[in-house]
Amino acid sequence: MKEIQIKSFAEYKKAYQASVEDPETFWENIADKFQWQKKWNKTLEWDFTKPDVKWFQGGKLNITENCLDRHLEKLGNKTAIIWEPNDPDEESRYITYRQLFVKVSHFANVLKNNGIKKGDKVCLYMPMIPELAIAMLACARIGAVHSIVFAGFSSTAIASRINDSDCKMLITANQVYRGSKPVNLKEICDEALRSTPSIETVIVYRRTVEHTPMLEGRDKFWFEELEKVERDCPAETMDAEDMLFILYTSGSTGKPKGMVHTTGGYMVGTTYTFANVFQYNHGTSKENDVYWCTADIGWITGHSYIIYGPLAAGATTVMFEGVPSYPDYGRFWEIIDKLKVTHFYTAPTAIRALAKQPIQFVEKSDLSSLKVLGSVGEPINEEAWHWYNDMIGKGNCPIVDTWWQTETGAIMISPLAGITPTRPAFATLPLPGVQPALIDEEGVEMENIHEKAEGRLAIKFPWPSMARTIYGDHQRYKEVYFSAYPNMYFTGDGAYRDATGNYRITGRVDDVVIVSGHNLGTAPIENAINEHPKVAESAVVGFPHDIKGNALYAYVILYNDVEPSEVLKDEIKAEVSKIIGPIAKPDKIQFVSSLPKTRSGKIMRRILRKIASNDTSNLGDTSTLLNPEIIDEIIDRSLV
Ligand code: WT7
């Protein structure tokens, strides 16, 4: 999609200006470059008080025609998906756009043949295999709504998500290997299926030879179903505002929120941002760029930047089934070397974990194919940024630190690779079409972008890929996102803006601790601790204190070869004191070997808070943790 690519910083500034002065014309010109069955008649209608946002009303399209059919003529033989298996001895799979088109159409008929119609909800609980991409695109082809549940979630989590949106079908695989560990997906589904009355059919892809118990009448094998149907499947006509998918994201209170994304705006937003942020180039077939985002498709990053954005842009996108540590910590770098990856997009948590390993793991592989590096999911601290830049990019690859959310659908604040001047740990500038606002403690916008400012981050104008509602709970959508500041979308993040308008996201403002009357965000304290050269990662929480009200407890992971010591604790405190101020110095520091994390890589501070407060009797639900075993170790050695 060369025609929507910005090519210089001057062009960026011009596009940004145009997008603020006349957002509708700006987005019309971009939307025009896609394939519509019928053009829209109203570009934008919005009211943040309701809230109600509609883009490209009256427009008719199918997103799979944009991801597949449209490319057949010129890119039919180009590789759409390269699949890299968990086991490096198994063969990679290369799937061209034409092959993907056939597979998606064929499987779409399986959905239809099993009673799935436009508007029906289909739950996908699948490993990172091409069939996950095929199943999601097949849903979109016939207008069914996919609800993908990350295949690391528990049966309880699957059941509550299926029930929240009344899914009629569940698609899964029998089993998958993650590293050396088998995960019996179908068994986990069977457990969930005991309490999901809306499910009529389960389609099972056989990923391994392991025996799979099947329930007669309900459970059907993927390959057997394919044999019963035709290969051609015309794309259903969708309205621009028809639901494309639901994706659950955790809220600050218990129940997950089913974020609803619609068809037209999501397609335009993800494709535009993919093409511009990563500056993917088609080139000739031989020197084609190969783009790899290491996220799981179970998260929004995978939806927007493994599947929809890259495929609509006609890119070659890599899907990796495995984990960065298997068979050893060199796996990511070996894959880059093997597939000649040009664009690599991963999370700071992965970068820090890999930076902790001996550098030989990196040096074994030839990384010279790399052109662009990306980061997403949490603030990237300066040390990790530099390691990524120096050791992986060899100083030659621009780093795009992309800030966005499940709710925003697409990247909002980020450099454009090779175009926007980068600054370590800064997501830099808003993309064209994005109007951020920094709000101070009184709720007033700090408008002067030529003056340094720090506050809460809101967005004051709609953008095409924003979520339209929380499924089944529009009131909650309004309360969570549109009630903090009148007429603005509130992100829940804090941010700093420098005098040139560059944004640095400082972290969730919900994790705030009041120490001696001072409002302290835990994220900036963690960043300061992480600046210590011997620290790999940290988590800071508050705990009750007689005098200060709250005090700070820091859990710190050291690099592999570092000996913990009291001197080191003092150094860390001094570092925080230096970067933030003495008030932010942690009262207690505990060295730990790892931190309890959710499967999306977020530290579960709720548990750390309880341990720091010596309140370990009821730690609540730990079933969604990636590493529940770490909890006992932390409790045993805790300082309370
Ligand atoms: C939250 C959204 C959107 C992709 C994956 C996460 C944090 C995300 C960055 C970044 C600093 C970031 C924010 C945001 N976040 N990217 N580049 N720098 N923080 O999606 O699970 O919806 O989480 O992740 O706190 O609000 P998500």
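All residue numbers refer to positions counted from 1 along the written sequence of the respective chain. Side-chain atom pairs in this predicted model are given and counted only at pLDDT of 80 or more, local residue features only at pLDDT of at least 70, and totals for whole chains, interfaces and linings cover all residues.

The protein is annotated in an unreviewed UniProt entry as Acetate--CoA ligase of Gillisia lutea. UniProt positions are given in the numbering used here, feature names are shortened, and annotations may be inferred rather than shown by experiment. The Sequence similarities (unreviewed entry) field of the UniProt record for the protein holds the comment "Belongs to the ATP-dependent AMP-binding enzyme family."

Bringing the overall build of the protein into the picture now. In terms of regular secondary structure, the protein is built from 20 helices and 30 strands. Viewed in the frame of its principal axes, the protein has a C-alpha envelope of about 70 × 60 × 50 Å. Counting only residues that meet the buried cut, the protein has 51% of its 640 residues in that class. Across the protein, every contact between residues at least 6 apart in sequence was considered, and the portion connecting residues at least 24 apart equals 69%. A helix here means a DSSP run of H or I that spans at least four residues, while a strand means a run of E at least two residues long, and both kinds are numbered starting from the N terminus. Counts of 20 or more other C-beta atoms within 10 Å of a residue's own C-beta define buried residues, counts of 12 or fewer define exposed ones, and intermediate counts define partly exposed ones; C-beta atoms are placed from the backbone. Two residues qualify as being in contact provided that their C-beta atoms, derived from the backbone, are within 7 Å of each other.

Moving on, we get to the pairing of strand S20 (residues 399-402). Of the two faces of S20, the one holding Ile399 and Asp401 and the one holding Val400 and Thr402 are both buried throughout. Pairing of strand S19 (residues 372-376) with S20, which is carried by four bridges, proceeds in the parallel orientation. Counterpart to Val376 in the pairing with S20 is Thr402. Note on handedness: a clockwise path from strand one over the helix to strand two, with the strands aimed away from the viewer, defines a right-handed crossover. Running through helix H15 (residues 382-392), the crossover from S19 to the neighbouring parallel element S20 is right-handed. Paired strands, in this sense, are two strands between which DSSP finds at least two bridges.

Below, the discussion takes up the site of the ligand. Surrounding the ligand, one finds 21 residues, the nearest of these being Pro379, Trp403, Gln405, Thr406 and Ile505. Secondary-structure elements contributing two or more residues to the shell around the ligand are helix H11 (300-312), S19, S20, strand S24 (489-497) and strand S25 (503-508). The leading source of residues in the shell around the ligand is S24, at three residues. Each residue gets a C-beta atom placed from its backbone. If that atom is within 6 Å of a molecule or strand, the residue is near it.

Here we take up the packing of helix H10 (residues 263-278) against H11. Each axis is a line fitted through C-alpha atoms, and for a helix only the stretch in contact is used; angles between axes span 0 to 180 degrees, taken between their N-to-C directions. Across the interface, H10 lies against H11 with an axial gap of 8 Å and an inter-helix angle of 85 degrees. The pairing of H10 with H11 is recorded here as roughly perpendicular in orientation. Where H10 abuts H11, its residues Met267, Thr270, Thr271, Thr273 and Phe274 lie against Ser304, Tyr305, Tyr308, Gly309, Pro310 and Ala312. Nonpolar residues are Ala, Val, Leu, Ile, Met, Phe, Trp, Tyr, Cys and Pro. Charged residues are Asp, Glu, Lys and Arg, and all others, Gly as well, are polar. Along the lines of polarity and charge, the residues of the contact of H10 with H11 split into six nonpolar, five polar and no charged. Note on terminology: angles under 35 degrees are roughly parallel, angles over 145 are roughly antiparallel, angles of 65 to 115 are roughly perpendicular, and the others are oblique.

Let us now look at the nonpolar core. If you look at the biggest cluster of nonpolar residues, it comprises 170 residues, and the most contacted ones within it are Leu124, Tyr125, Ala135, Met136, Cys139 and Leu170. Among the elements that line this core, the one with the most residues is helix H6 (residues 130-142), at ten residues. For Leu124, the residues in contact, after removing those within four places along its chain, are Leu132, Ala135, Met136, His146, Ile148 and Ile171. The term nonpolar core refers to a group of buried residues, namely Ala, Val, Leu, Ile, Met, Phe, Trp, Tyr and Cys, whose C-beta atoms join them within 7 Å. Among the nonpolar cores identified, the runner-up in size contains 31 residues, and Ala539, Val556, Leu608 and Ala612 belong to it.

As a further point, take the sheet that holds strand S8 (residues 169-173). Read from one edge of the open sheet, eight strands run S12-S11-S8-S6-S7-S14-S15-S23, paired in mixed fashion. Pairing within the sheet leaves two strands with one partner each, and these edge strands are strand S12 (219-221) and strand S23 (469-470). With five bridges joining them, S8 and strand S11 (residues 201-205) adopt parallel strand pairing. Each bridged residue has a counterpart across the sheet, and for Thr172 the counterpart in S11 is Val204.

Right, let's talk about the environment of His386 for a bit. One can find His386 in helix H15. Among the residues examined, His386 registers 15 C-beta atoms within 10 Å and is labelled partly exposed. Separated by 193 residues in sequence, His386 and Ile579 have C-alpha atoms that sit 18 Å apart.

Since there are 3.6 residues in each turn of an α-helix, residues three or four apart along the chain are aligned in direction. Those residues of helix H19 (residues 605-612) not exposed but buried are Arg605, Ile607, Leu608, Ile611 and Ala612. Each buried residue of H19 lies within a common arc of 155 degrees when the element is viewed along its axis, so the set occupies one face. Buried residues in H19 make contact with strand S28 (535-545), strand S29 (549-558) and helix H20 (630-636). Downstream of H19 by a residue or two, Asn614 has a phi angle that is positive, lying close to 55 degrees. By construction, the arc corresponds to the directions joining the helix axis to the C-beta atoms.

It is worth spelling out unusual backbone geometry at this point. Across the chain, the bulk of peptide bonds are trans and the bulk of non-glycine residues have phi less than zero. Of note, the amide linkage connecting Lys50 to Pro51 takes the cis form, showing an omega dihedral of -15 degrees. As for its position among the elements, Pro51 is in the loop between strand S1 (42-47) and strand S2 (52-57). Backbone geometry places Asp166, a non-glycine residue, at a positive phi of 50 degrees. Along the chain, Asp166 falls in the loop between helix H7 (155-165) and S8. Asp166 sits in the partly exposed class, given 15 other C-beta atoms within 10 Å.

Another point: the sheet that holds S24. Taking strand neighbours across the sheet as the criterion, the four strands line up as S21-S22-S24-S25 in an open arrangement whose pairing is antiparallel. Strands with a single pairing partner mark the edges of an open sheet, and in this sheet they are strand S21 (436-439) and S25. Averaged over all adjacent pairs, the angle separating strand axes in this sheet is 45 degrees, with direction ignored. The sheet contact formed by strand S22 (residues 453-459) and S24 spans six bridges and is antiparallel. In the strand pairing of S24, Gly455 is matched with Ala495.

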